[in-house]
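Inside the fold
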Amino acid sequence: MHDIRFIREYPAAFDAGLKKRNLAPLSAEILAIDTRRRAAITESEGIQARRKTLSQQIGMAKRKGEPADALMAEVAALEEGLKKGEALAAELDAELTRRLEVLPNLPAGDVPAGSDETANVEVRRHGNQRNFSFAPKDHVALGEATGEMDFAAAVKISGSRFVFLKSHLAKLERALAQFMLDLHTIEGGYTEVSPPLLVKDAAVYGVGQLPKFAEDMFHTDNGFWLVPTAEVPLTNLVNDTVLDEKDLPLRFTAYTPCFRSEAGAAGKDTRGIIRVHQFPKVEMVSITTPEQSAAEHERMTGRAEEVLKRLGLAFRTIVLCGGDMGPASRKTYDIEVWLPGQTAYREISSCSNCGDFQARRMAARFRPKEGKGTRFVHTLNGSGLAVGRTLIAVLENYQNEDGSVTIPEALKPYMGGLTTIPAPAK
RNA sequence: GGAUGGGUGGCCGAGUGGUUUAAGGCACCGGUCUUGAAAACCGGCGUGGGUGCAAGCCCACCGUGAGUUCGAAUCUCACCCCAUCCGCCA
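Everything quoted here is computed from the prediction, not taken from an experiment.

Within chain A one finds twelve helices and 17 strands. Principal axes of the C-alpha set define a box for chain A whose edges measure 105 × 45 × 45 Å. Residue burial in chain A is summarised as follows: out of 426 residues, 49% are buried. Working note: accessible area of chain A is about 20300 Å², and carbon and sulfur atoms make up 51% of it.

Written out as structure tokens, the structure reads:
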């Protein structure tokens, strides 16, 4: 949600930010509504002040037993104008909110301009793409050969874009999640959280997913949303609260399934488990002061990269251009892991600094050490990592010619002594 | 699913039609005292909005929205949310 005072003060900067998002300028239109709104407020408040004074006089007169008929008549005469003024002010206020709540956050100054992923900018690369002495298979071929990745069963029970993992693969998924959580809690300083996965409208509105992106999520018939990411419950942990500056930053991590309807993704990534309706993810969320958030963003991205480094997976980190960022973000790094089965880097994490955009929507503030009043916190979220896609990366990068898969060193403690996922029986 | 109770400032909590300009406490900030701290004492301290160069002035806000009234935290209605008990259940 945008601050109308910022738009009043810096209309050109506001429009420039929208332009980076490939949106037309809106400041003139919005400020016109704001001007009419303020005029309506000023007028109706004047009438209210008058009524208040008169009512107090009526009270005093009655207590003294004096007649108050003239005063009461004067108040009655105000009635109509007051009703109209209040209604107009409320209507204009609602219109302003309707306009503002659907707008995306303004990109940070160092975010590149551009309309789609072709304008994203690579900021660093790590690790080497593995050279294979044989033709590497993709994760589907590897998983189906052993029967441990079962799409046919999932189709029967849930339809397309679901999967059963069995035996070693189910265990590998669990090992990955546990490895990541340990890394974030022990080394990263994050507090592990096990959050609700069904949430109310207000929570989803708070992170900016509602009212505009309802179709991307699943909804239950008694009014809950299935979380599309643990960002929703974790960030809302601070909704409607006033924190103490000394308690910031707050860092939360959670391992949860994520549910996405993938509306509008028909025909995209239909093979395998790259894009499914339900996937496991370890999420990181930080709550900071405005001064801390840029540094925290780098730190968080570094923690996500650290997972890939420990797993020995090659990746690159890119900064998204204005047109490719999620709506709540002011700056986003995507981390892409090398997938030999696709001979491509594919997104495995997305780390966003949302500034005060979500904080405004969910009323998350802090009391500064210096100065009076309250300020909005900054919120950040990042995957650390998408566990399903990490599983793909491990399978494809650590596969052997016979179809077996070597377990990466870092995961061995979590695999109960297993060093290799066996090759399929011939 | 059935029954009951309840939503008041950062937190706790009083308040059943008119100086409520929301008591009191806690927390926080400043001061006195102290070698320093604690305690004690004194003072300050809600949020949002409008207006103004500013000092300031004004309006709203007691879950949300309507209503009654000259006047509503307080009365009426609807809705939302929370809690407890019973039933069912991992």
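T42, Q48, S55, V75 and K200 are the nearest of the 22 residues found near RNA strand B. Near the protein, within 4 Å, the atoms of RNA strand B are sugar or phosphate in 81% of cases. R38 places a side-chain nitrogen or oxygen 3.1 Å from a phosphate oxygen of RNA strand B. The contact in question runs from a sugar or linking oxygen of RNA strand B to an N or O atom on the side chain of R367, over 3.4 Å. At the level of secondary structure, the elements contributing two or more residues to the surface near RNA strand B comprise helix 1 (4-9), helix 3 (27-64), helix 4 (69-101) and strand 13 (364-367). When residues in the surface near RNA strand B are grouped by element, the largest group, 13 residues, is from helix 3. Residue composition of the surface near RNA strand B, by class: six nonpolar, five polar and eleven charged.

If you look at the biggest cluster of nonpolar residues, it comprises 49 residues, and the most contacted ones within it are L172, L176 and L395. Elements represented by at least two residues in this core include exactly helix 5 (139-146), helix 7 (167-187), strand 9 (278-288), helix 10 (293-311), strand 11 (331-339), strand 12 (344-353), strand 15 (378-386) and helix 12 (387-397). If you tally residues by element for this core, the top one is helix 7, at nine residues. Once residues within four sequence positions are removed from consideration, L395 is found in contact with H139, L142, M149, L169, L172, V405 and I421. Residues V193, V204, L234 and V238 belong to the second largest nonpolar core, which totals 24 residues.

With that settled, the discussion passes to helix 5. For helix 5, every residue scored as buried is listed here: H139, V140, L142 and G143. Projected onto a plane normal to the axis of helix 5, the buried residues spread over an arc of 165° and lie on a single side. Elements in contact with the buried residues of helix 5: strand 2 (149-150), helix 6 (151-158), helix 7 and helix 12. Downstream of helix 5 by one or two residues, G147 has phi in the positive range, about 80°.

Conventions we followed
Residues numbered from 1 in each chain as written. Chains lettered and ligands numbered in written order. Predicted model: local features only at pLDDT ≥ 70, side-chain atom pairs only at ≥ 80, totals over all residues. Heavy atoms only, no water. Helix = DSSP H or I, 4+ residues; strand = E, 2+ residues; numbered from the N terminus. Buried < 20%, exposed > 50% of the residue type's maximum accessible area, 1.4 Å probe, protein only. Areas by Shrake-Rupley, 256 points an atom, 1.4 Å probe, with all protein chains shown as cover. Near = heavy atom within 4 Å. Polar contact = N/O pair within 3.5 Å; in protein donor to acceptor, adjacent residues only side chain to side chain. Nonpolar A, V, L, I, M, F, W, Y, C, P; charged D, E, K, R; others polar. Core = buried A, V, L, I, M, F, W, Y, C linked by side-chain atoms within 4.5 Å. Contact = heavy atoms within 4.5 Å. Arc of directions from axis to C-beta.

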